[in-house]
Amino acid sequence: MKLLLTAALCAGTLGLMAPVQAEAGAIERACRQSDRNAATPSLCNCIQKVANRSLTRSERKTVSKWFADPHQAQVVRQSDNRSDERLWERYKLFGDRAARTCG
């Protein structure tokens, strides 16, 4: 999980990439728009593909917001709300898969 968050938050070089394609998902768009140096279009696309297999559309939308505001991930992680706990567990699985697949 920590590796994915690091990879995800390290993704993207704002202004140096081609415009985001219309079919790009929320995670891929957030990855490409992040201010991190490690992103490539292929990395962002790979992370999106793993997200499509691992998270619901609603979860992908929520997680995509964490690129711009990583603190929100910690809010969910520390929450006692059962739905937040389920999201965090699914996010950790997603992170593990993305690290193995894309890293």
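Before reading on, note that the structure itself is shown above.
So, a few notes on the structure that sits alongside this text. Remember, it's a predicted structure, so these values are computed and weren't measured experimentally.

Of note, glutamate 85 is situated in helix H6 (residues 82-102). Those residues in contact with glutamate 85, other than ones at most four positions away along the chain, are Ser79 and Asp80.

With 22 residues, the main nonpolar core has Val63, Trp66 and Phe94 as its most contacted residues. Where this core is concerned, the elements lending two or more residues are helix H2 (26-33), helix H3 (41-54), helix H5 (71-78) and H6. Discounting chain neighbours no more than four positions away, the residues touching valine 63 are Ile27, Leu55, Leu87, Tyr91 and Phe94.

Moving on, we get to the packing of aromatic side chains. Per the counting criterion, the structure on display carries 4 aromatic pairs. For the pair tryptophan 88 and tyrosine 91, a centre-to-centre distance of 5.2 Å together with 40° between the ring planes defines the contact as tilted. Placement of the pair is tryptophan 88 and tyrosine 91 together in helix H6, with a separation of 3 residues, close to one helical turn. Of the residues examined, tryptophan 88 reaches a relative accessible area of 7% and is grouped as buried. Here tyrosine 91 falls in the buried class, since its relative accessible area comes to 2%.

Take the pattern of salt bridges next. In the structure shown here, the tally under the stated rule is 4 salt bridges. With a shortest N-O distance of 2.9 Å, glutamate 59 and arginine 90 are connected by a salt bridge. Highlighted residues: glutamate 59 in helix H4 (residues 57-65) and arginine 90 in helix H6, separated in sequence by 31 residues. Of the residues examined, glutamate 59 reaches a relative accessible area of 13% and is grouped as buried.

Here we take up a positive patch on the surface. Among the surface-exposed residues, Lys49, Arg53, Arg97 and Arg100 lie close enough to one another that they form a single positively charged patch. Listed by contribution, the elements that provide at least two residues to the positive patch are H3 and H6. Given a relative accessible area of 33%, arginine 97 falls into the partly exposed group.

This paragraph deals with the state of the cysteines. On inspection of all chains with the given rule, the structure shows 2 disulfides. The disulfide bridge from cysteine 31 ends at cysteine 44, spanning 2.0 Å between sulfur atoms. Sign of the S-S torsion, about -70° for the bond between cysteine 31 and cysteine 44, identifies this disulfide as left-handed. In this pair, cysteine 31 sits in helix H2 while cysteine 44 sits in helix H3, placing the two residues 13 residues apart along the sequence. Across the pair, exposure class does not vary: cysteine 31 and cysteine 44 are buried alike. Across the disulfide, cysteine 46 is cross-linked to cysteine 102 (sulfur-sulfur distance 2.0 Å). Disulfide cysteine 46 to cysteine 102: torsion about the S-S bond roughly -90°, handedness left-handed. With cysteine 46 in helix H3 and cysteine 102 in helix H6, the pair connects residues that are 56 residues apart, well separated along the chain. Taken as a pair, cysteine 46 and cysteine 102 share a single burial class, namely buried. Counting only the cysteines that take part in disulfides, in the order they occur along the protein, gives the pairing 1-2, 3-4.

Definitions and cut-offs
Residues numbered from 1 in each chain as written. Predicted model: local features only at pLDDT ≥ 70, side-chain atom pairs only at ≥ 80, totals over all residues. Heavy atoms only, no water. Helix = DSSP H or I, 4+ residues; strand = E, 2+ residues; numbered from the N terminus. Contact = heavy atoms within 4.5 Å. Core = buried A, V, L, I, M, F, W, Y, C linked by side-chain atoms within 4.5 Å. Buried < 20%, exposed > 50% of the residue type's maximum accessible area, 1.4 Å probe, protein only. Phe/Tyr/Trp six-rings, centres within 6.5 Å; stacked < 30°, edge-to-face > 60°. Salt bridge = Lys/Arg side-chain N within 4 Å of Asp/Glu carboxyl O. Patch = residues over 30% accessible without salt bridge, like charges linked within 9 Å, V, L, I, M, F, W, Y side chains within 5 Å. Areas by Shrake-Rupley, 256 points an atom, 1.4 Å probe, with all protein chains shown as cover. Lys, Arg positive; Asp, Glu negative; His and termini not counted. Charge placed at Lys NZ, Arg CZ, Asp CG, Glu CD. Disulfide = S-S within 2.5 Å.

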